[in-house]
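What follows is the residue order along each chain.
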Amino acid sequence: MSTEAKILANLTAVLGTQWGDEGKGKLIDILAQKFDIIARATGGANAGHTIYIPDPNNPEKPQKFVFHLVPAGMLTEGKICVVGNGVVMHLPTFFEELQILEDANIKTEGRIFVSDRVHLLFKYHKEIDGLQETAKSNNKIGTTKRGIGPCYTDKIRRIGIRLQDLMDFETFEKKYRENVEMLQKEYGKFDYDIEKELSYYKKILDKVKPMVVDSAYYLNNALDNGKTVLVEGANGTLLDIDHGTYPFVTSSNASAGGIITGIGVGPRRLGSVIGIMKAYTTRVGGGPFPTELLDELGEKIRTIGGEFGATTGRPRRCGWFDAVVGKYSVMINTLTSINLTKLDVLTGLPFLKIATAYKYKGEKLNSFPSSLEILENIEIEYIEMPGWTEDLSKVRKFEDLPANAQAYVKKIEELIGCRANFIGVGIERGDMIFRD
Ligand code: GDP
Ligand code: IMO
Ligand code: MG
């Protein structure tokens with residue numbers, strides 16, 4: 001990887017820099033061929049990573065895959081995939097995803113390993129997720145209802161059940177029953193079929209056993225032996241439990257810090273961090289969104305960009321590109337480069353706006369504010385740039401982009417302080433401009 005060394009390193013991470021759904025899956029799928037192992041580090045089935053690949057049976061229409069728990073590297077033949085310790089694992093969803101791949105003639109056996117330290121996410125976590133959201137009259141987070149918060153809560157309060165526990169079914173059953181009993185005391189006696197769930201886990205035990213590994217040892221050992229690892233980030237930096245728009249966030253560290261703890265490597269191992277950044281902004285669920293467009297323009301971007309959740313199908317809120325968010329993400333993640341995605345979606349807009357600064361009570365803010373109260377009352381400074389009308393989907397070289405599109409990308413790079421080495425111009429694998 002000599003000439004690519006600055007952009008790709010032996011351990012490279014790809015992560016979301018806004019509020020998720022930036023297009024991480026597509027770059028993971030493109031880069032997977034250059035790496036030996038593709039690993040997930042954080043989050044759970046709240047993630048929905050969409051990939052379109054050529055369909056051997058239908059050259060007209062690409063095949064669509066949506067990954068929630070299985071790393072998207074599975075689409076590339078021969079690659080090994082690892083689910084790292086930082087993930088919350090709903091095994092039924094995981095096996096359903098593997099079945100979808102098998103049904104599409106993609107062999108998964110012997111190619112996927114799961115950390116013995118992943119926390120198991122049960123149906124009761126989803127129930128509690130729903131109960132917690134219902135209990136909030138205002139200010140609902142708008143979670144994906146995949147049980148993410150309640151599972152990470154159990155992890156942090158040290159009652160979580162890990163995959164390793166399942167390896168000894170008697171101990172697992174005891175912990176599981178104790179947890180359901182305790183959680184039913186805390187959340188009210190929600191309707192629950194304990195025996196059905198237990199019998200599922202008993203049934204899949206032999207299927208999961210060969211996949212269980214000490215993933216930190218496995219990955220460090222692989223790196224020591226010259227193998228290369230690509231980490232597939234989930235969610236987005238502004239959804240990070242520490243650095244995002246708390247409390248309207250997910251329950252894990254979706255930024256670069258989570259990559260380190262989520263696979264069990266030291267920070268010095270991470271040679272490259274690629275941030276996925278949409279050429280505009282979207283957000284699903286509640287919470288602040290400074291550059292949101294609540295008018296027809298927002299609707300237009302949603303329609304052209306197909307901005308509907310890959311996990312829940314909910315319409316995504318849409319708005320202008322926010323360089324304050326972009327710059328903040330470059331800082332929090334020490335990004336090496338970015339992949340600016342969905343530039344093609346902006347084709348045809350007469351003008352484009354970019355938020356360049358936030359002001360509060362007349363003073364310019366240095367960085368992204370922690371206070372929601374401040375965020376709700378900021379004044380946003382915008383610059384306006386001319387749009388373009390040319391179709392971008394066939395463009396493969398930066399120099400072939402319309403001058404106004406080139407200027408838009410360059411302006412973003414200047415404002416956020418990071419190079420766009422990859423520019424997305426369509427949904428398919430080949431629809432990407434590579435620079436340098
Ligand atoms: P992820 O969660 O970050 O992987 O992103 P999602 O899959 O949730 O949402 C991104 C959507 O944008 C998917 O439907 C992708 O197929 C699509 N997409 C990714 N890159 C591009 C691009 O450059 N142009 C267009 N038009 N669509 C893209
Ligand atoms: P990918 O990996 C977009 C959002 C939810 C909600 C908040 C908390 O596809 O980019 P949670 O279920 O995690 O407790 O929900 O976080 N959220 C995402 N939004 N893309 C995601 O993942 C998301 N993962 C969580 O919509 O606002
Ligand atoms: Mg998504």
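Use the structure listed above.
Residues numbered from 1 in each chain as written. Chains lettered and ligands numbered in written order. Predicted model: local features only at pLDDT ≥ 70, side-chain atom pairs only at ≥ 80, totals over all residues. Heavy atoms only, no water.

Caption draft 1: Molecular detail of the overall build of the protein. Counting secondary structure elements, the protein contains 13 helices and 20 strands. Its C-alpha atoms give the protein a radius of gyration of 22 Å, near enough to 22 Å, the size a compact globule of 436 residues would have. Looking at the protein residue by residue over its 436 residues, the buried ones come to 57%. For the protein, the proportion of contacts with a sequence separation of at least 24, taken over those separated by at least 6, is 76%. Carbon and sulfur atoms make up 50% of the accessible area of the protein, which totals about 19,100 Å². Computed over 55 positive and 57 negative side-chain charges, the inter-centroid distance for the protein is 2 Å. (Helix = DSSP H or I, 4+ residues; strand = E, 2+ residues; numbered from the N terminus. Rg over C-alpha atoms; globule rule 2.2 N^0.38 Å. Buried < 20%, exposed > 50% of the residue type's maximum accessible area, 1.4 Å probe, protein only. Contact = heavy atoms within 4.5 Å. Areas by Shrake-Rupley, 256 points an atom, 1.4 Å probe, with all protein chains shown as cover. Lys, Arg positive; Asp, Glu negative; His and termini not counted. Charge placed at Lys NZ, Arg CZ, Asp CG, Glu CD.)

Caption draft 2: How the structure looks around the site of ligand 2. Close to ligand 2 lie 21 residues; D21, K24, H49, T144 and T250 are nearest. One of the side-chain N or O atoms of N46 is found 2.9 Å from an oxygen atom in ligand 2. V284 places a polar main-chain atom, nitrogen or oxygen, 3.1 Å from an oxygen atom of ligand 2. Within the complex, 98% of the 550 Å² of free accessible area of ligand 2 lies under protein. Along the lines of polarity and charge, the residues of the shell around ligand 2 split into eight nonpolar, 10 polar and three charged. Taken domain by domain, the makeup of the shell around ligand 2 includes at least three residues from each of domain 1 (8-116 + 214-434) and domain 2 (119-210). (Near = heavy atom within 4 Å. Polar contact = N/O pair within 3.5 Å; in protein donor to acceptor, adjacent residues only side chain to side chain. Nonpolar A, V, L, I, M, F, W, Y, C, P; charged D, E, K, R; others polar. Domains from an automatic or database assignment.)

Caption draft 3: Main features of the coordination of the magnesium ion (ligand 3). Coordination of the magnesium ion (ligand 3) by the protein involves D21 (OD) and G48 (O), with metal-donor separations of 2.1 to 2.2 Å. With a gap of 27 residues between them, D21 in the loop between strand 1 (11-16) and helix 1 (24-31) and G48 in the loop between strand 2 (37-40) and strand 3 (49-55) connect regions that are remote in the sequence. On the basis of relative accessibility, which here comes to 22%, the residue D21 falls in the partly exposed class. (Donors = N, O, S within 2.8 Å, 3.2 Å for Na, K, Ca; no water.)

Caption draft 4: Geometry of the environment of Y152. In this structure, Y152 sits in helix 4 (residues 148-156). For Y152, a relative accessible area of 5% puts it in the buried group. Between the C-alpha atoms of Y152 and D206, which are 54 residues apart in sequence, the distance is 26 Å. With sequence-adjacent residues up to four places away left out, Y152 is seen in contact with T42, G43, G86, V87, V88, S251 and S252.

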